[in-house]
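Now for the letters of each chain:
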Amino acid sequence: MVRLITSPIDTQEAAESVRTPESGGIDVFIGTTRNQSRGRAVLALDYEAYEPMALKVMALLEREACDRWPLQRVTIVHRLGRVEVGETSVVVAVSSAHRKEAFEACRFLIDRLKQDVPIWKREYFADGSIEWSGEHCEPLSLTKLEE
Amino acid sequence: MKVTIRLFSVAKDLAGFREREIELPDPSNVSDVMTMLDGVDSRFADWRKVFRLAVNQEYVSEDHPLENGDEVAVIPPVSGG
């Protein structure tokens, strides 16, 4: 199950959603907003997505994980919009008969989500600047940001 | 043919728009859309090498041929999670 939501993520609900009688282990990854990035104090992150494609890619990753490991259930929930320091931005939960597969599949899913899912975050720094965050490139700081 | 361009993150800020329908000659491919965007803002060309492209919500390469009604998205380096 994959979801994009704009309200706070219920991590307990996400974890419980993968529990089944056949599962011996549930692995849950919770991504949270850190108070600093690249040495500067952060107040919040703001996530935007190419929503239909983000859901499509998340579903493909879920299918790939289920093909590679014997999983009972997968839940991926990503929050969009403003996420304050300390709040949860993403939850990945998987269940499997044995813990080895649960650990491996959960790690695979968050690693691949961070590479392939079309979601972007803006970092709101304490010094008032706002920058897009991005791997493999220098973040671009712009004065005219579309709200 | 008509295609819809959707831009996100830095691509949206550089070009100054989120979404636009454009006319292209037939045949055209994704590279033709990128060349058109290079003309909108000169910085776009510098960023082009790190942008990924999608047509109808699937990643494609620049030589992917386009059809009438396609949705082309410019995908800057992602930062979800």
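Residues numbered from 1 in each chain as written. Chains lettered and ligands numbered in written order. Predicted model: local features only at pLDDT ≥ 70, side-chain atom pairs only at ≥ 80, totals over all residues. Heavy atoms only, no water.

A. The arrangement of the interface of chain B and chain A in detail. Across the contact, 28 residues belong to chain B and 32 residues belong to chain A. When chain B packs against chain A, the two sides together hide about 2,600 Å² of surface, and 53% of this comes from carbon and sulfur. The largest per-residue losses of area from chain B upon contact with chain A belong to Asp13, Gln57 and Gly81 of chain B, which jointly make up 25% of the total buried on that side. Linking chain B with chain A are two salt bridges. Of the charged contacts, one joins Glu48 of chain A and Lys12 of chain B as a salt bridge, the two residues approaching to 2.9 Å between their closest N and O atoms. Joining chain B to chain A, the criterion identifies 16 residue pairs in polar contact (both at pLDDT 80 or more). Of all the secondary structure elements, the ones that give two or more residues to the side of chain B that touches chain A are α1 (9-15), α3 (42-47), β3 (52-55), β4 (58-60) and β5 (71-75) of chain B. Counting residues per element, the side of chain B that touches chain A draws most heavily on α1 of chain B, which supplies five residues. Its residues assigned to classes, the side of chain B that touches chain A comprises 13 nonpolar, seven polar and eight charged. (Contact = heavy atoms within 4.5 Å. Buried area = accessible area lost by both parts, 1.4 Å probe. Salt bridge = Lys/Arg side-chain N within 4 Å of Asp/Glu carboxyl O. Polar contact = N/O pair within 3.5 Å; in protein donor to acceptor, adjacent residues only side chain to side chain. Helix = DSSP H or I, 4+ residues; strand = E, 2+ residues; numbered from the N terminus. Nonpolar A, V, L, I, M, F, W, Y, C, P; charged D, E, K, R; others polar.)

B. Fine view of the layout of surface pockets. Quantified by volume, the largest pocket comes out at close to 400 Å³. In terms of lining residues, the largest pocket is bounded by 23 residues, among which Arg34, Lys114, Lys121 and Ser133 of chain A together with Gly81 of chain B are the most central. Where the lining of the largest pocket is concerned, the elements lending two or more residues are β2 (25-32), β3 (36-37), β4 (40-49), α3 (99-116) and β8 (119-125) of chain A. Broken down by class, the residue content of the lining of the largest pocket amounts to six nonpolar, eleven polar and six charged. (1 Å grid on protein atoms, 1.4 Å probe; cavity = no way out; pocket = protein on both sides within 12 Å on 5 of 7 lines; lining within 4 Å. Points joined across faces, edges and corners; volume = space filled by probe spheres on them.)

C. Molecular detail of helix α2 (residues 51-68) of chain A. Here α2 of chain A is 18 residues long and its end C-alpha atoms lie 26 Å apart, about the 26 Å a rise of 1.5 Å per residue gives. Those residues of α2 of chain A that fall on the buried side of the exposure criterion are Met53, Ala54, Val57, Met58, Leu61, Glu62 and Ala65 of chain A. (Expected span 1.5 Å × (residues − 1). Buried < 20%, exposed > 50% of the residue type's maximum accessible area, 1.4 Å probe, protein only.)

D. View of the sheet that holds strand β2 (residues 19-23) of chain B. Residues and elements named next belong to chain B. Pairing is mixed across the open sheet formed by five strands, whose spatial order is β2-β1-β5-β3-β4. At either end of the open sheet lies a strand with only one pairing partner, and these are β2 and β4. Strand-to-strand twist in this sheet, taken as the mean axis angle between neighbours without regard to direction, amounts to 30 degrees. Direction of pairing for strand β1 (residues 2-7) relative to β5: parallel, over a ladder of four bridges. Among the inter-strand pairings, Leu7 is bridged to a residue of β5, identified as Val74. (Pairing = 2+ DSSP bridges. Axes fitted to C-alpha atoms, helices over the stretch in contact; angles between N-to-C directions.)

E. Seen up close, the packing of aromatic side chains. A complete count under the given rule lists five aromatic pairs over all chains for this structure. Members of the aromatic cluster, connected to one another through ring pairs, are Tyr50 and Trp120 of chain A together with Phe8 of chain B. Here the guanidinium or amino end of Arg40 of chain A rests over the ring plane of Phe125 of chain A, the centre of that ring lying 3.7 Å away. (Phe/Tyr/Trp six-rings, centres within 6.5 Å; stacked < 30°, edge-to-face > 60°. Lys NZ or Arg CZ within 6 Å of the ring centre and 35° of its normal.)

F. Representation of the side chain of Ser79 of chain B within the structure. You can see Ser79 of chain B is positioned in the segment after β5. Taking the relative accessible area as the measure of exposure, Ser79 of chain B reaches 4% and is therefore buried. At 3.0 Å, the side chain of Ser79 of chain B and the backbone oxygen of Ser133 of chain A are in polar contact. Residue contacts for Ser79 of chain B: discarding those within four places in its chain leaves Tyr47, Ile119, Trp120, Lys121, Ser133 and Gly134 of chain A.

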